[in-house]
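Architecture at a glance
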Amino acid sequence: MNRLHLLLLATALTACANGADSEGPRVAAPDDAEPDAMAPGRRADTGPGDVWQAEATYTLRIDDDTPPPLTLDMDRAEVEMLLGAVADQIVLLELDSRPLLTNTLNAVKAACGDGWRADAQDPGADCGLTALGRRFVGARGDWSSSPEYAMVRLLTMTPANARVAGTSIEFLALVSDAFDIGGGFAQILSDTLEIDRTEEFLTTDVVVASLQENLLATHPVMAGNDFIPITLRDALTDMRTLGEKLGPKDGHPGVLSLGFETVGPVFGPDFRMQVVADSNLRVLDGVDLSVGKEFVSTIVDTTGPTFGEPLEFDFSDPSRFTVSGLVDNPTVDLRFAIFEHDRFVDACTSDGDTGGNCVFNRPGTPEGGDSVWLLRPWTLEYVVAWAGLAKYGNLESQHCYVSCNIAEVAIGQNGDPPGWAHFGVPLDLGPKDQYVWELINEVAQVGLHDSDFADFGEGEADVQFTVEDVDTGITGAEAAEAVRPWLQRQDDVLADFLLGDFRANNGDVDFYWARDEEGKPTLWFVGREDRANGKPYAWQTPGFFADEALSEKLSTPVGEGTARRERWRPPLGESVVYVEDDQQVVYRLTLTYEDPLNPDLIVRAARR
């Protein structure tokens, strides 16, 4: 930080030193002599009886030396010291949530062993096998009575181990298993859904997609995005601020649970960040007509593609920006939370029990007052139904067992939309016609609340998983490259913070001497953008004029809005122009400009 301040001070002092030999305000003999003949646009407009006060003379110079670049070479402590105040505003990268959620869900699904992958009714769960599973503690003090284990069962439910007792599909299961119809109920489910007997009803990829869409993107911080913004503050705190950022907010229950310290080091012990930026700041000679010679700091930016930046960063150039010492494979400890609705959500069936035409019961067009699509999108039931829709939204299948008159499962048949299931079961004891994903949602809810180990009331199966060392899905080298475009987009934030209001020490100049975009020496009348923040602009008639009445303007405006300024290129030799200062006093300026290769401008200023 001290290095930066010394660099900026040296730049300013160098510019001031270059103008130190300029003559300050001085009193000259009254200008009673007749003016020399002038070219058009260069007349003095004085006559008999005109009385101008004594002239003050100033020498304005142009310093064409390029200021040294701003160079920062910072370790972690120096980054904190220099940029800590704006660390929340600087987004380093947007972390793809898919790998993070995928790794989290896979850890949860493996928390109680991998017996669920077997082609068996009993998954043989043992949550004591893993560190994560040993954290599951239910009402009886063991993992088997925990809502977390209930969630593991839901995520690992397959045709082979599905428990459908208490659901509308229970009778079909009893009949098919008792009489070995279609190879048993597990095989009927496998055939109907066109998945393997040991494949989850809802695979990790569709659950992740649902969580991204309905839990993550709906969080106020995410603003509809499923990429997590990682700020410099997050990195400096080893991701501890991430838990608070993605916690409960504005009615959203949060993606991560409060009360747990999310931790994931990003910066290693040898972290360094090097930044080189060219300065577009120039300290220019000017005149405050009521005071004397002054100086003004302004931006001279001729480097595209955009203009007007006080500092030129190029984070894409490895010679101008490098970051090293990031953790090779960053991981994070987090507590992931998901909450269920406080009542059972019935499927919308064709018999009209829930009202409306259930064929149209889709996201955006809910049918009936109890539709799952009327729930908050981050609730468990909505997440499950949305994942089912994502997986089975195009499903069309038909299977008859013994004969279609005995047992039939038809999905998307006979003019029905894909995913719409019809069950032909003896005595009409099977489930009513409905969408597959709503049936899966019912089965999931029953399985979540009722098992051989514990029963949970509706609204009591909220789950929170504390998962350690979750792979973030990005390497240190990838992160080092990913920060480049994000920092480039925020170069104005960095420049504003590093330089502050560099105009705060500007003199109250009326005009200054600088080159224009073509490199030609030009007189610039002060503009609003040359003023410090909050300083008023008191000039009522800005510009350079050929007459004392300020009716014939010689200067032309350039720029728009606050960047608008009046400019005039004086010709070689001697010129006379008139200006009005911020106190509405008119001055006559006699300008002498002799050599474009040595562009000193002699200004003799007099007022009435």
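Note that the structure is a prediction, hence the values are computed from the model and not measured. (Residues numbered from 1 in each chain as written. Predicted model: local features only at pLDDT ≥ 70, side-chain atom pairs only at ≥ 80, totals over all residues. Heavy atoms only, no water.)

**A word on the state of the cysteines**
Cysteine pairs can be linked by a disulfide, which is a covalent bond between their two sulfur atoms. In the structure shown here, the tally under the stated rule is 2 disulfides. Covalently, Cys 112 is tied to Cys 127 through a disulfide, its sulfur atoms 1.9 Å apart. Looking down the S-S bond of the Cys 112 and Cys 127 bridge, the torsion is 85 degrees, so its handedness is right-handed. Of this pair, Cys 112 sits in the loop between helix H3 (97-109) and helix H4 (147-155) while Cys 127 sits in the loop between H3 and H4, placing them 15 residues apart in sequence. The residue that forms a disulfide with Cys 348 is Cys 358, at a sulfur-sulfur distance of 1.9 Å. When the S-S torsion is -75 degrees, as for the bridge of Cys 348 with Cys 358, the disulfide is left-handed. Of the two residues, Cys 348 sits in the loop between strand S10 (331-338) and helix H10 (380-392) while Cys 358 sits in the loop between S10 and H10, which places them 10 residues apart along the sequence. You'll find Cys 348 and Cys 358 in the same group, each marked buried. (Disulfide = S-S within 2.5 Å. Helix = DSSP H or I, 4+ residues; strand = E, 2+ residues; numbered from the N terminus. Buried < 20%, exposed > 50% of the residue type's maximum accessible area, 1.4 Å probe, protein only.)

**Concerning the side chain of Asn 280**
Within the secondary structure, Asn 280 sits in the loop between strand S5 (267-279) and strand S6 (281-288). A polar atom in the side chain of Asn 280 sits 2.8 Å from the backbone oxygen of Glu 309. One polar contact links Asn 280 to Glu 312, side chain to side chain, over a distance of 3.0 Å. For Asn 280, the residues in contact, after removing those within four places along its chain, are Thr 298, Ile 299, Val 300, Asp 301, Glu 309, Pro 310, Leu 311 and Glu 312. (Polar contact = N/O pair within 3.5 Å; in protein donor to acceptor, adjacent residues only side chain to side chain. Contact = heavy atoms within 4.5 Å.)

**Observations concerning the pairing of strand S16 (residues 511-515)**
With 4 of its 5 residues buried, S16 lies for the most part within the structure. One ladder, built from 2 bridges, connects S6 with S16; its direction is antiparallel. Pairing of Gly 286 across the sheet is with Tyr 512, part of S16. In this sheet, strand S17 (residues 521-525) lies alongside S16 in antiparallel orientation, the contact comprising 5 bridges. Note that in S17 the partner of Phe 511 across the bridge is Phe 525. Connecting S16 to the next strand, S17, in antiparallel fashion are 5 residues, including Gly 519 with a positive phi near 85 degrees. (Pairing = 2+ DSSP bridges.)

**Let's talk about the sheet that holds S16**
Adjacent strands of a sheet pair through backbone hydrogen bonds, lying either parallel or antiparallel. The sheet built from 6 strands is open, its strands ordered S7-S6-S16-S17-S19-S18 with antiparallel pairing. Each edge of the open sheet is held by one strand with a lone partner, namely strand S7 (292-299) and strand S18 (556-558). Across the sheet, the mean angle from the axis of one strand to that of its neighbour is 35 degrees, orientation sign disregarded. Pairing of S6 with S7 involves 8 bridges; the strand directions are antiparallel. Paired with Asp 285 across the two strands is Phe 295, which belongs to S7. (Axes fitted to C-alpha atoms, helices over the stretch in contact; angles between N-to-C directions.)

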